[in-house]
Amino acid sequence: MARMAGRRALFAVPVLGVVTFGVFAVAAASPFDPVKAYAGTAGLTASQENLDQLRANLGVDQPLVTRWWNWLTSALQGDFGDSSVMRQPVADVIGERVGWSVLLAATAFVVAILLGTGLGVLAARRPGGWLDRCVSSAAYTLEAAPAFWLGLLAIWFFALKLDVLPAGGLTDAASDTVTFGQVASHLVLPAAVLGVSQLPWFFLYVRQGVADALDEDPVRGARARGLRERTVLLGHALRSGMLPMLTLIGSRVPELITGALLVETVFSWPGIAAAAVQAATSVDFALLAALTVLATAAVLLGNLLSDLLYGLADPRVGFDG
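Okay, so let's go over this structure. (Residues numbered from 1 in each chain as written. Predicted model: local features only at pLDDT ≥ 70, side-chain atom pairs only at ≥ 80, totals over all residues. Heavy atoms only, no water.)

Once the charged atoms of two side chains with opposite charge are near each other, the side chains can pair. For the structure shown, the criterion picks out two salt bridges. The salt bridge involving Arg97 is made with Glu96; its shortest N-O contact spans 3.4 Å. A relative accessible area of 17% places Arg97 in the buried class. Among the salt bridges present, the one from Arg207 reaches Asp132, with a minimum N-O distance of 2.6 Å. Note that Arg207 is positioned in helix H8 (residues 180-214) and Asp132 in helix H6 (residues 130-143), a separation of 75 residues in sequence. (Salt bridge = Lys/Arg side-chain N within 4 Å of Asp/Glu carboxyl O. Buried < 20%, exposed > 50% of the residue type's maximum accessible area, 1.4 Å probe, protein only. Helix = DSSP H or I, 4+ residues; strand = E, 2+ residues; numbered from the N terminus.)

Written out as structure tokens, the structure is:
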């Protein structure tokens, strides 16, 4: 396990380097001018000399490779630079927001896995039954439903129509303190929407995996020995049927990140979505590169987690292959 994690860590180094260079290359080719975005309305009346001085202060007058290398060497020392759009260190921008994004994404992922697994097992017990047909139809429908549309629908129904949950934000509008109860109530809708948007894939994988496992000889043998159906289903079929779903965890991380950005925007959740949008539209090199590194690292960690879970669930795979 440790050897495989070490190999993945070594592989991640060049990947992160190439990804960050790609961010700077795309930003350099963008038609947006970061100097004018930084200056705002003052840039409309500023002289060319002042704009050139500002360009030098921001470091965007340097060649692409120089800008990227300077940022990379500083980042390796823990200095990710200053955000030109947020007017504060990049580390502070991310530190203030990433915790809320992780809370939302982790809660949604747990919801998706638990609901997808439970519904998948129940549907696999009686393929073609009413529960299987209903949940499968809903899963295929949700696959085509954008996360932001589900968010708007949830706000209309639960916040406006029924008035049982808050429509967005982190705390109540009249509150100036952050409490656990307020955060929990405001987390329900965005986490549920993001979790439901990821649920179809987990459900379909578990349903197919458990249904196939129920037809295997070891499971039939367990039934022939007179074991209870619950023991056969959870102790034998589910363990075998979960293996394909474990490989899905890593591949869903990019979709989870994208969905989280959309859901955060719809529900005004104080995560990194707003910072990512502003960094992209203002060509904030330092913040864009740091956010891209963060997202890439999350994807690599998700893939590593999938392999580790698969190896633990199926010892035949091993960790040194």
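On to H6. Helix length check: H6, at 14 residues, gives a terminal C-alpha distance of 20 Å against a target of 20 Å (1.5 Å per residue), a fit within 8%. Within H6 the residues assigned to the buried category are Asp132, Val135, Ser136, Ala139 and Leu142. Down the axis of H6, the sector holding all buried residues measures 125 degrees, keeping them to one side. Of the residues in H6, the exposed ones pointing more than 90 degrees away from the buried face are Trp130, Arg133, Tyr140 and Thr141. Against the buried residues of H6 lie helix H5 (90-125), helix H7 (147-161) and H8. (Expected span 1.5 Å × (residues − 1). Arc of directions from axis to C-beta. Contact = heavy atoms within 4.5 Å.)

With respect to the element layout, Gly168 can be found in the loop between H7 and H8. Separated by 18 residues in the primary sequence, Gly168 and His186 have C-alpha atoms spaced 6.3 Å apart. For Gly168, the residues in contact, after removing those within four places along its chain, are His186 and Phe267.

Bringing the packing of aromatic side chains into the picture now. According to the stated counting rule, one finds seven aromatic pairs in the structure shown. Each ring, one from Phe109 and one from Phe202, has its centre 5.7 Å from the other, and the planes form 80 degrees; the classification is edge-to-face. Residue Phe109 is located in helix H5, and its partner Phe202 is located in helix H8; the two are separated by 93 residues in the primary sequence. The pair Phe109 / Phe202 is uniform in exposure class, with both members buried. Their ring planes at 40 degrees and their centres at 6.1 Å tell us that Trp156 and Phe157 sit as a pair that is tilted. These aromatic residues form a ring-pair network of at least three members: Phe21, Trp68 and Trp69. (Phe/Tyr/Trp six-rings, centres within 6.5 Å; stacked < 30°, edge-to-face > 60°.)

This part covers the packing of H5 against H8. Packing of H5 against H8 leaves a shortest axis separation of 4 Å and a crossing angle of 35 degrees. Crossing hand, H5 versus H8: right-handed. In the contact of H5 with H8, the residues fall into 26 nonpolar, six polar and two charged. (Axes fitted to C-alpha atoms, helices over the stretch in contact; angles between N-to-C directions. Left-handed = near helix turned anticlockwise from the far one by under 90°. Nonpolar A, V, L, I, M, F, W, Y, C, P; charged D, E, K, R; others polar.)

Before going further, it helps to spend a moment on the nonpolar core. In terms of nonpolar packing, the biggest core is built from 41 residues, with Leu104, Leu194, Phe202, Val210 and Val263 touching the most fellow members. Where this core is concerned, the elements lending two or more residues are H5, H7, H8 and helix H10 (229-267). The dominant element in this core, judged by the number of residues it contributes, is H10, at 13 residues. Each residue touching Val263, except ones within four places of it in the same chain, is listed here: Leu104, Ala147, Pro190, Val193 and Leu194. Of all hydrophobic cores here, the second largest spans 24 residues; its members include Met86, Ile94, Ala275 and Leu287. (Core = buried A, V, L, I, M, F, W, Y, C linked by side-chain atoms within 4.5 Å.)

Looking now at a nonpolar patch on the surface. A grouping of Phe148, Trp149, Leu152, Leu153, Trp156, Phe157, Phe158, Leu160, Leu162, Val164 and Leu262 is seen on the molecular surface, where their side chains present a nonpolar patch of about 1100 Å² in accessible area. Take the nonpolar patch: its biggest share by element is eight residues, from H7. Tracing the chain through its elements places Phe148 in helix H7. (Patch = residues over 30% accessible without salt bridge, like charges linked within 9 Å, V, L, I, M, F, W, Y side chains within 5 Å. Areas by Shrake-Rupley, 256 points an atom, 1.4 Å probe, with all protein chains shown as cover.)

A few words on the side chain of Ser136. Locating Ser136 in the fold gives a position in helix H6. When residues no more than four places from it in sequence are discounted, the contact partners of Ser136 are Phe203 and Arg207.

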